[in-house]
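Structural overview
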Amino acid sequence: MSAPSLANYITKRPWLKRWMMPLANWYADAAGYRKLGLRADDLIPEESDTVLLALKRLPPKEAYDRVFRLRRAFQCSLAHQLLPKDQQTKPEDDYAYLSPIIKEIEAESRERDDLEAMVVSKRKKAAEDH
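Residues numbered from 1 in each chain as written. Predicted model: local features only at pLDDT ≥ 70, side-chain atom pairs only at ≥ 80, totals over all residues. Heavy atoms only, no water.

Attention now goes to the nonpolar core. Within the largest apolar cluster, 10 residues are counted, these being Ile44, Val51, Ala54, Leu55, Leu58, Tyr97, Leu98, Ile101, Ile102 and Ile105. Only α3 (49-57) and α5 (99-117) provide two or more residues apiece to this core. Not counting residues within four places of it along the chain, the set of residues in contact with alanine 54 comprises Leu98, Ile101, Ile102 and Ile105. Counting residues in each nonpolar core, the second largest holds seven residues, with Leu36, Leu38, Ala73 and Cys76 among its members. (Core = buried A, V, L, I, M, F, W, Y, C linked by side-chain atoms within 4.5 Å. Buried < 20%, exposed > 50% of the residue type's maximum accessible area, 1.4 Å probe, protein only. Helix = DSSP H or I, 4+ residues; strand = E, 2+ residues; numbered from the N terminus. Contact = heavy atoms within 4.5 Å.)

Rendered as structure tokens:
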């Protein structure tokens, strides 16, 4: 899931963020997923175990809404139509709901790997040191 990203670099520099935001908004609008009622996190492929686990951790309402959005977008795609303007996803409604869970799972996985790789050795007795 994690790919190289300049997002942290850009968001830490206000001047660069101000310069990039119009471009980012244009790109998100040009991508067309909002016109089908989808959010950016709806486009994350479900092929990895991490994403599948994140989907299981979603609250029931959010999981239901996600399935509804995907089915509605599929129907629109089959009919070669876009949703009416009032049903399209607005930029303020397009927030990350799955990405934070995926990051949390990846952090847990790294921590688990670190703990499994840890080598525990027995201390020498104090009497042997003197």
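This part covers the environment of arginine 72. Tracing the backbone through its elements, the reader meets arginine 72 in helix α4 (residues 60-79). C-alpha separation for the pair arginine 72 and leucine 53, spaced 19 residues apart in sequence, amounts to 24 Å. Once you skip the residues sitting within four places of it in the chain, arginine 72 turns out to touch Leu36, Gly37, Leu83 and Gln87.

This brings us to the pattern of salt bridges. When the charged atoms of two side chains with opposite charge come close together, those side chains can pair. One pass over the structure, following the stated rule, counts nine salt bridges. Here arginine 39 makes a salt bridge to glutamate 62, at a shortest N to O gap of 3.1 Å. A residue pair is termed long-range when its members are at least 10 positions apart, and arginine 39 in the loop between α2 (14-31) and α3 and glutamate 62 in helix α4 qualify at 23 residues. In this structure glutamate 62 comes out as buried when scored by relative accessible area, which is 14%. (Salt bridge = Lys/Arg side-chain N within 4 Å of Asp/Glu carboxyl O.)

Let us now look at the side chain of aspartate 41. Among the structural elements, aspartate 41 can be located in the loop between α2 and α3. The buried charged residue aspartate 41 lacks any salt bridge, with arginine 39 as its nearest oppositely charged partner at 7.6 Å. Of the polar contacts made by the side chain of aspartate 41, one reaches the backbone nitrogen of tyrosine 97; its length is 2.9 Å. Beyond its immediate chain neighbours, meaning those up to four positions away, aspartate 41 contacts Arg66, Ala96, Tyr97, Leu98 and Ser99. (Lys, Arg positive; Asp, Glu negative; His and termini not counted. Polar contact = N/O pair within 3.5 Å; in protein donor to acceptor, adjacent residues only side chain to side chain.)

So, on to α5. For α5, which comprises 19 residues, the first-to-last C-alpha distance of 27 Å matches the rise-based estimate of 27 Å (1.5 Å per residue) to within 8%. Of the residues making up α5, those classed as buried are Ser99, Ile101, Ile102, Ile105 and Glu106. For α5, the buried positions fall inside an angular range of 160° around the axis, keeping them on one side. Seen from the buried face of α5, the exposed residues on the opposite side, beyond 90 degrees, are Lys103, Glu111, Asp114 and Leu115. Next to the buried residues of α5 lie α3. (Expected span 1.5 Å × (residues − 1). Arc of directions from axis to C-beta.)

Attention now goes to unusual backbone geometry. Positioned with a positive phi, histidine 80 is a non-glycine residue whose angle comes to about 55°. Structurally, histidine 80 is set in the loop between α4 and α5. Histidine 80 sits in the exposed class, given a relative accessible area of 74%.

Attention shifts here to the packing of α3 against α5. At a closest axis distance of 9 Å, the pairing of α3 and α5 adopts a crossing angle of 120°. Here α3 lies oblique to α5, going by the angle between them. For the pair α3 and α5, the sense of crossing is right-handed. Listed contacts from α5 to Thr50, Val51, Leu53, Ala54 and Arg57 of α3 are Ile101, Ile102, Glu104, Ile105, Glu106 and Glu108. Considered class by class, the residues forming the contact of α3 with α5 number six nonpolar, one polar and four charged. (Axes fitted to C-alpha atoms, helices over the stretch in contact; angles between N-to-C directions. Parallel < 35°, antiparallel > 145°, perpendicular 65-115°, else oblique. Left-handed = near helix turned anticlockwise from the far one by under 90°. Nonpolar A, V, L, I, M, F, W, Y, C, P; charged D, E, K, R; others polar.)

It is worth stressing that arrangement in space is one thing and function is another; only the former is reported here.
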